[in-house]
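As a plain string of letters, each chain reads:
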Amino acid sequence: MNDAIRSQFPILHQQINQRPLVYLDNAATVQKPLAVLEASETYYKEVNANIHRGVHYLSRKATDAHEQARDRIARYLNAPASHEVIFTSGTTDSINLVAATLADSGKIQQGDRILISTLEHHSNIVPWQMLCKKTGAQLDIIPINDAGEWDLSEIDSLLTERTKLVAVNHVSNALGTINPIHALITKAKALGALTLIDGAQSAPHMAIDVQALGCDFYTFSGHKTYAPTGIGILWGRSEVLEMLPPWRGGGEMIKEVTFEHTTYNDLPFKYEAGTPNIEGGIALAAALDWMDQLGLDTIAQHEDSLLQQATQALLDIDGLRLYGTATNKASVVSFAIEGVHHYDLGTLIDQMGVGVRTGHHCCQPLMQRFGITGTTRASFAVYNTSEEIELLVNAVKKASMMLR
Ligand code: PMP
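Cut-offs applied
Numbering of residues begins from 1 in every chain and follows the order in which that chain's sequence is written. The model is predicted, so local features are restricted to residues of pLDDT at least 70 and side-chain atom pairs to those at 80 or more, both for listing and for counting; the totals for chains, interfaces and linings are taken over all residues. Computation of side-chain values covers all heavy atoms of the structure but excludes hydrogens and water. Cysteine sulfur pairs qualify as disulfides if the two atoms are within 2.5 Å. For this description, a residue counts as near a given molecule or strand if any of its non-hydrogen atoms is within 4 Å of it. Two N or O atoms count as a polar contact when they lie within 3.5 Å, although within protein this holds only if one can serve as hydrogen donor and the other as acceptor, and sequence-adjacent residues are included solely when both atoms are side-chain atoms. Where accessible areas are quoted, they stem from the Shrake-Rupley method and a 1.4 Å probe; at the residue level, only the protein chains shown are allowed to cover. Classification convention: Asp, Glu, Lys, Arg as charged; Ala, Val, Leu, Ile, Met, Phe, Trp, Tyr, Cys, Pro as nonpolar; all other residues, Gly among them, as polar. What counts as a helix is a DSSP run of H or I of at least four residues, what counts as a strand is a run of E of at least two, and both are numbered from the N terminus. Buried residues are those whose accessible area, probed at 1.4 Å on protein chains only, stays under 20% of the maximum for their type, while exposed residues exceed 50% and partly exposed ones sit between those limits. By definition, residues are in contact when any of their heavy atoms lie within 4.5 Å. Helix axes are fitted only over the stretch in contact, all axes being lines through C-alpha atoms; the angle between N-to-C directions runs from 0 to 180 degrees. Reported orientations rely on four angle classes, namely roughly parallel under 35 degrees, roughly antiparallel over 145, roughly perpendicular from 65 to 115, and oblique for the rest. In this scheme, a crossing is called left-handed if the near helix is turned counterclockwise away from the far one by less than a right angle; it is called right-handed if the turn is clockwise. Between rings of Phe, Tyr and Trp, where Trp is taken as its six-membered ring, a pair exists when centres lie within 6.5 Å; planes separated by under 30 degrees are stacked, by over 60 edge-to-face, and by other angles tilted.

Colleague: Help me get a handle on the state of the cysteines, residues and values and all.
Modeller: Inspection of the entire model under this criterion finds zero disulfides. Note on Cys-363: no disulfide assigned, nearest cysteine sulfur contributed by Cys-362 at a separation of 6.9 Å.

Written as structure tokens, this is what we have:
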């Protein structure tokens, strides 16, 4: 099966320093299958036009394709309605949309609390700090244990009636922890708090059902789900999106404009000012089709077997410490080797053809929690193979012997 999958990814078939490329930086971005590349190309060869206000043939065709992509994404998330799916440029953009409009809504007051966790990516920290600065609210942080799992022992003092929003990731990009979000969402809802799930690392690896989760917002990025960069999704519950004010002003997000006054468009267009990434949305729908055809369970099982193999083999390396040993994990191994700087390790194994990420993974507070500046992180996608895990492990062994 793996050869059939790999043959759909032209970029994987290249040599780096006379060795086969081993691409293990999938949590940062994944490679794109032919089906997605072809969807982008076909769009530009046969469809390209600006959408929504054109009466001509191509404009109608592009509008239909764009709106069908929205429907497809709604189905992927099991969203109750397509107009709850907002096209953004990615997870960061989606979270900033919610943070900025919530700040402007007047619903967050001095003394209110926003709850996040130690595991968050900077894009699920900084927008909330900005909101706090504007409103006088304060951040509370769910701590973690040494395995990289939420420590919920003090949750009753962290999540209270004063909490107006809980914003947490579903899967940690730095450690791979799959967080028990459903229980937290249920508890938050009972206390009247809004809930936002950063799904950047879950949408690529598992089936998502926003209705079953019960959250108010779910965000993800196209480029981590086999689609191009520059496209992402904010799903929001209609009632909540309708309660929030508009964000960016411009074309498309209006109903009527005079110099004195503007009235705003309905969802989803209220949040889609300007010409959107039309091709990106269509390619994202093609990527989700591709993932569904392969089967989300098949993807998850394959990645899990690579994770187990990598975890066991890496632990055999002298002086290696794993960061993130949660019971429930997806697709990421983060580690450090005693006496070796992660940057040197990453650079050396790159020379052996193995591409991994080193550093803080946009999670500086998490690194501070462990008292480190960064880790080396290998992250897996469905096209990775057991042989590639062996190449990773051998490269890490060799490099650590050279560096220690
Ligand atoms: N949250 C998490 C958990 C992530 O892994 C990432 C990307 N590394 C982001 C947010 C930000 O995504 P993007 O850069 O696509 O906006």
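Colleague: Just give me the short version of the site of the ligand, but keep the residues and values in it.
Modeller: Contacts to the ligand come from Thr-91, Thr-92, His-121, Ser-123, Asn-173, Asp-198, Ala-200, Gln-201, Ser-221, His-223 and Lys-224. Asp-198 is positioned such that a nitrogen or oxygen atom in its side chain is 2.6 Å from a nitrogen atom of the ligand. Here an oxygen atom of the ligand sits 2.7 Å away from a polar atom, N or O, in the side chain of Gln-201. Protein contact buries 85% of the 400 Å² of open area that the ligand shows by itself. Tallied by class, the residues present in the shell around the ligand amount to one nonpolar, eight polar and two charged.

Colleague: Give a description of the environment of Leu-37 that names residues and reports values.
Modeller: When you line up the elements, Leu-37 lands in helix H2 (residues 34-47). Its relative accessible area of 39% is what places Leu-37 among the partly exposed residues. Through-space distance from the C-alpha of Leu-37 to that of Pro-268 is 27 Å; in sequence the pair is 231 residues apart. Residue contacts for Leu-37: discarding those within four places in its chain leaves Pro-10 and Lys-32.

Colleague: Break down the environment of Ser-202 for me, citing the residues and quoting the values.
Modeller: Looking at the element boundaries, Ser-202 is found in the loop between strand E8 (194-198) and helix H8 (210-213). Sequence separation of Ser-202 and Val-171 is 31 residues, and the distance between their C-alpha atoms is 5.5 Å. The contacts of Ser-202, once residues within four sequence positions are left out, are His-170, Val-171, Ile-208 and Tyr-218. A distance of 2.8 Å separates the side chain of Ser-202 from the side chain of Tyr-218, its partner in a polar contact.

Colleague: Residue-level account of the packing of H2 against helix H10 (residues 278-294), with values.
Modeller: Axis angle and axis distance: for two packed helices, these are the angle between their axes and the distance between the axes, and together they describe the pair. Two elements in contact, H2 and H10, have axes whose closest approach is 8 Å; the angle formed by their N-to-C orientations is 150°. Between H2 and H10, the interaxial angle falls into the category roughly antiparallel. Seen from above, H2 lies across H10 with right-handed handedness. Contacts between H2 and H10 involve Ala-35, Val-36, Ala-39, Ser-40, Tyr-43 and Tyr-44 from the former and Ile-278, Glu-279, Ile-282, Ala-283, Ala-286, Ala-287 and Trp-290 from the latter. Here the residues of the contact of H2 with H10 sort into 11 nonpolar, one polar and one charged.

Colleague: Explain the packing of aromatic side chains to me, using residue names and the numbers behind them.
Modeller: Throughout the structure, instances matching the rule amount to eight aromatic pairs. Taking the centre distance of 5.0 Å and the plane angle of 70° together, the rings of Tyr-43 and Tyr-44 count as edge-to-face. On the basis of relative accessibility, which here comes to 3%, the residue Tyr-43 falls in the buried class. Put simply, the rings of Phe-9, Tyr-226, Trp-290 and Tyr-383 touch in pairs and so form one group of aromatic residues.

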